[in-house]
Amino acid sequence: MSALVAFGNSAGALTLGYASKRSALRQIGYLGALGMLIAGIAQALVGVSPTLFLTTVASGLTGFFMAWPVVLFRTGLQTLVPSYLQGRVISVTRTVTTAVTPLGMMLAGGLADRLSAVAIMGMAGVLMTFVGFAALFVPEYRDIQTPSAAQAS
């Protein structure tokens, strides 16, 4: 399943890059929230899927749409943060991400012992869906635009 998520992740990042070159892709906050919302729904499907086929498709979709908030977050850091601060800001975000990853794994592992790995995957999908949905209603996040679009408005 991890290979399918990775494949979907690569396809999602490449599709997002291609679309940004071909269209007026400016609402990066909105697209990030939408990607998280759809990835959460797909991840929740992994948790309740009765068939291997549906699990496979849902895993690929999770990776595809999860690429959107990740790529847009990194792009936002590189375009919105002044160049003299980028090293500090990007290293802090990577340090925090790296530091909390084992905590999430310990929590999920402990819960998986009590419930099941499939239940944890479904619960993660519900949480991702909630975060993506909530982000659609936070104007400070949702309305983030690429610098070229912000200057034009």
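Residues numbered from 1 in each chain as written. Predicted model: local features only at pLDDT ≥ 70, side-chain atom pairs only at ≥ 80, totals over all residues. Heavy atoms only, no water.

1. Quick word on helix H2 (residues 28–48)
Note the following rule: In DSSP terms, a helix is any run of H or I states spanning at least four residues, a strand is any run of E spanning at least two, and both are numbered starting from the N terminus. In this scheme, a helix's expected span is set at 1.5 Å multiplied by one less than its residue total. The classification of residues rests on relative accessible area computed with a 1.4 Å probe and restricted to protein chains. Under 20% of the type maximum is buried, over 50% is exposed, and intermediate values are partly exposed.
Here H2 is 21 residues long and its end C-alpha atoms lie 30 Å apart, about the 30 Å a rise of 1.5 Å per residue gives. Taken across its 21 residues, H2 has 15 buried, putting it largely inside the fold.

2. Comments concerning the packing of aromatic side chains
Worth spelling out the cut-off: Only rings of Phe, Tyr and Trp enter the pairing, Trp through its six-membered ring, and a pair is recorded when the two centres are within 6.5 Å. The plane angle decides the type: under 30 degrees is stacked, over 60 is edge-to-face, the rest tilted.
Throughout the structure, instances matching the rule amount to four aromatic pairs. With centroids separated by 5.1 Å and ring planes inclined at 65°, the aromatic side chains of Phe65 and Trp68 adopt a geometry described as edge-to-face. Highlighted residues: Phe65 and Trp68, both in helix H3 (residues 52–80), separated by three residues, approximately one helical turn. Like Phe65, the residue Trp68 is buried in the burial classification. Pairing Phe133 with Phe137 gives two aromatic rings, centres 5.0 Å apart and planes at 65°, and the pair type is edge-to-face. Since its relative accessible area comes to 55%, Phe137 is described here as exposed. Put simply, the rings of Phe64, Phe65 and Trp68 pair up and form one aromatic cluster.

3. Description of the environment of Val126
In plain terms, the rule: Throughout, a contact is declared for two residues whenever any of their heavy atoms are within 4.5 Å.
Within the secondary structure layout, Val126 lies in helix H5 (residues 117–135). Looking at Val126, the relative accessible area reads 54%, which means it is exposed. Considering only alpha carbons, one finds Val126 and Ile41, 85 residues apart in sequence, at a separation of 6.9 Å. When residues no more than four places from it in sequence are discounted, the contact partners of Val126 are Gly40 and Ala44.

4. Details of H5
Since one α-helical turn is 3.6 residues long, residues separated by three or four positions face the same way. For H5, spanning 19 residues, the distance from its first C-alpha to its last is 27 Å, which sits close to the expected 27 Å at 1.5 Å a residue. For H5, the complete set of buried residues consists of Ile120, Gly122, Gly125, Met128, Gly132 and Ala135. The secondary structure elements touched by the buried residues of H5 are H2, H3, helix H4 (83–114) and helix H6 (139–142).

5. Quick notes on the nonpolar core
Let me state the cut-off plainly: We call a set of buried residues a nonpolar core when its members are Ala, Val, Leu, Ile, Met, Phe, Trp, Tyr or Cys and they connect through side-chain atoms within 4.5 Å of each other.
Core analysis: the largest hydrophobic core is formed by 10 residues, namely Leu16, Ile28, Leu31, Met36, Ala39, Phe64, Phe65, Trp68, Leu72 and Met128. Breaking this core down by element, the ones donating at least two residues are H2 and H3.

6. Examining the packing of H2 against H5
We apply this condition: Angles run from 0 to 180 degrees between N-to-C directions of axes, and those axes are lines fitted to C-alpha atoms, restricted for helices to the stretch in contact. Every angle not falling under 35 degrees, over 145, or within 65 to 115 is termed oblique; those three ranges are roughly parallel, roughly antiparallel and roughly perpendicular. Helix crossings fall into two classes, left-handed where the near helix is turned counterclockwise from the far one by less than a right angle and right-handed where it is turned clockwise. Each residue is assigned to one class: nonpolar for Ala, Val, Leu, Ile, Met, Phe, Trp, Tyr, Cys and Pro, charged for Asp, Glu, Lys and Arg, and polar for all the others, Gly among them.
Packing of H2 against H5 brings their axes to within 7 Å, and their N-to-C directions diverge by 160°. The pairing of H2 with H5 is recorded here as roughly antiparallel in orientation. Helix-helix and strand crossings are classified by hand; for H2 and H5 the assignment is left-handed. Each of Ala33, Met36, Leu37, Ala39, Gly40, Ile41, Gln43, Ala44, Val46 and Gly47 in H2 lies in contact with H5, whose residues at this interface are Val118, Met121, Gly122, Ala124, Gly125, Val126, Met128, Thr129, Val131, Gly132, Phe133 and Ala135. Here the residues of the contact of H2 with H5 sort into 15 nonpolar, seven polar and no charged.

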